[in-house]
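Listed here are the chains, written in short residue letters.
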Amino acid sequence: MEYIYIYILILLLLLSACLCVASNDLILTIFLLALTILSGIFIFPFLDAEYVMVIFLIIYLGAIVVFFLFGVMLLNLRYNLNENRQKIGFLIFVVFFFSLFYILCYFGLYSIFPSESITVVFELNEIQFLFLSLTNVEKIGLCLYTEFSFLLIIGMVTMLIAILGCIAFISNNENKK
Amino acid sequence: MKLFLLFITTIVPLLISIAFLTLLERKAMSSFQSRRGPNIVGFLGILQPIADGIKLLLKETVVPYKSSLILYICAPFLSFSISILLWFIIPNCFLINIIHSNVSLLLIFGLSSINVYSIIISGWSSNSNYALLGSLRSASQMISYEISISLLMMPIIAFSGSLNLIDIIFSQKNIWYLFLFPIQAVFFLISMLAETNRTPFDLPESESELVSGFNVEYSAMFFALFFLAEYSNILAMSALFVCCFLGGSFLFSFNFAIFFIVKQLFILFVFIWIRSSFPRYRFDQLMLLCWKNILPLSLCYLFFLTMYLA
């Protein structure tokens, strides 16, 4: 039964993404972007990744798109949008919709409406069994802080430099004034 | 059937609580100001919320000229529905919740982030400069204090080892986190006031100055929905405080539902007490408090705690 929800979410995602490109109003574009991200992140719980869903919700929807909105509303931006955007939107929709069907056909048409009577039996060793019983947060933590710890530290240092750079830039501008 | 019963036993008491919280607020504030509150409608004013509800229902709905109609109508509904959705995640006094999730604490923060949208949409769609400015102020205030709430929750998540609210409650069986993290509790209380746009952080609303801020152009039932959403948020945040710092329904390792209710009532009383006691913060003072005071202090405490644990 879950596949119905997934297909509804995918259709909503495609529709809102294409309307986002094709809309006249800039504010409506940003709200449709928010709807696109929202419909995209609702697929994560079906993949047992509820933590990723919530983090995307808080950071993308709760912060980044809100800052887009702030910028547009406070600066009252009114750009002349591309005249061909509606055609581009329709083209993108068609391309993604048919590529979805192509991928499904590649994996076999029976995967479109999977039967619930299929049971999969496989053997697990002890570590794999223990790994399955962990929550999403614990799984991410086990991988991120051991195997990818060096990359994580590089990412964190990069963000620190970016923050310090922003602060230095702003204080430099204030000193010049 | 069970889900339906759970739903009914969550939503119906919630709606009644929201209505009578307004009466509690008015009565308590009037006591602080040495006067009687509403006492005309019903015995001791007990029917005042019903009278308020009927008044708001019967008022004329005014839609501003050249407002974006769809957004204008959607904003209060979004606000109210998100506020009600919060209550599906927060456990009730019997520690049962409708949506069981291993990340319930983060889901609450996520839903608070979506609450920001309803405020921005309401301000923008009203086609009024004052509504827009009020909504943007309120939104920036909410985003800032959300960050501080997330950082304040980190020690609690680390100590309880789970993001599930019920696990956090059970980990406070022997000692409440209020005694382990008192500074976090105080900062969390302050951040809650800012999140719910309550005094002394209610500049975006500031009933005596800006009239109503982001919901200035809303009347009748739309305003009622914003009003209900605000009080539902207050109830939800106080329940969250009880879950995270006051041990939920635990007292001296005894688990009774009445303890949860008593603690939540106390926190609600503290909200109203603060409203009647403190003047309003100016907007720059409000943001300064978050970014330069609460946030660095909570970050330092987190470093200290991590070093101590390591």
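Whatever comes next refers back to the structure up there.
Residues numbered from 1 in each chain as written. Chains lettered and ligands numbered in written order. Predicted model: local features only at pLDDT ≥ 70, side-chain atom pairs only at ≥ 80, totals over all residues. Heavy atoms only, no water.

### Concerning the overall build of chain B
Broken down by element type, chain B carries eleven helices and two strands. When the elements of chain B are put in sequence order from the N terminus, they spell out α-α-α-α-α-α-α-α-α-β-β-α-α. At 20 Å, chain B has a C-alpha radius of gyration in line with the 19 Å of a compact globule built from 310 residues. In terms of overall dimensions, chain B has a C-alpha envelope of 60 × 45 × 45 Å along the principal axes. Looking at chain B as a whole, 55% of its 310 residues are labelled buried. Taking the intrachain contacts of chain B between residues at least 6 apart in sequence as the baseline, contacts between residues at least 24 apart amount to 76%. When the accessible area of chain B is evaluated, it comes to approximately 14400 Å², of which 72% is carbon and sulfur surface. For chain B, the distance from the average site of its 16 positive side-chain charges to the average site of its 13 negative ones is 6 Å. (Helix = DSSP H or I, 4+ residues; strand = E, 2+ residues; numbered from the N terminus. Rg over C-alpha atoms; globule rule 2.2 N^0.38 Å. Buried < 20%, exposed > 50% of the residue type's maximum accessible area, 1.4 Å probe, protein only. Contact = heavy atoms within 4.5 Å. Areas by Shrake-Rupley, 256 points an atom, 1.4 Å probe, with all protein chains shown as cover. Lys, Arg positive; Asp, Glu negative; His and termini not counted. Charge placed at Lys NZ, Arg CZ, Asp CG, Glu CD.)

### Comments concerning the interface of chain B and chain A
Each partner contributes to the interface: chain B provides 21 residues, whereas chain A provides 23 residues. Buried area between chain B and chain A, summed over both chains or domains, comes out near 1900 Å², and the portion from carbon and sulfur atoms is 86%. Three residues, Y117(B), W124(B) and L136(B), lead the burial of chain B against chain A; their summed loss comes to 33% of the area buried on that side. Our count for the chain B to chain A interface comes out at zero salt bridges. At the boundary of chain B with chain A, the tally comes to one residue pair in polar contact (both at pLDDT 80 or more). Breaking the side of chain B that touches chain A down by element, the ones donating at least two residues are α4 (104-125) and α5 (129-160) of chain B. The element best represented in the side of chain B that touches chain A is α4(B), accounting for twelve residues. (Buried area = accessible area lost by both parts, 1.4 Å probe. Salt bridge = Lys/Arg side-chain N within 4 Å of Asp/Glu carboxyl O. Polar contact = N/O pair within 3.5 Å; in protein donor to acceptor, adjacent residues only side chain to side chain.)

### Re the environment of N293(B)
With respect to the element layout, N293(B) can be found in helix α11 (residues 283-309). Its relative accessible area of 33% is what places N293(B) among the partly exposed residues.

### Here we look at the packing of α4(B) against α5(B)
Residues and elements named next belong to chain B. For the pair α4 and α5, the least separation of the axes is 8 Å and the interaxial angle reads 175°. Comparing the axis directions of α4 and α5 gives the class roughly antiparallel. Across from L105, F109, S112, S113, N115, V116, I119, I120, G123 and W124 in α4, the residues of α5 making contact are A131, L132, S135, S138, A139, M142, I143, E146, I149, S150, M153 and I157. Across the contact of α4 with α5, the residue classes break down as 14 nonpolar, seven polar and one charged. (Axes fitted to C-alpha atoms, helices over the stretch in contact; angles between N-to-C directions. Parallel < 35°, antiparallel > 145°, perpendicular 65-115°, else oblique. Nonpolar A, V, L, I, M, F, W, Y, C, P; charged D, E, K, R; others polar.)

### Points about the packing of helix α1 (residues 2-32) of chain B against helix α10 (residues 257-277) of chain B
Residue and element names in this part refer to chain B. Interaxial distance between α1 and α10 falls to 9 Å at its minimum, and their mutual angle equals 50°. By the angle between their directions, the pair α1 and α10 is classed as oblique. Like other packed secondary-structure pairs, α1 and α10 cross with a definite hand, here right-handed. Residue-level contacts link L21, L24, E25, A28, M29 and F32 of α1 to L268, F269, I272, W273, R275 and S276 of α10. Taken together, the residues of the contact of α1 with α10 break down into nine nonpolar, one polar and two charged. (Left-handed = near helix turned anticlockwise from the far one by under 90°.)

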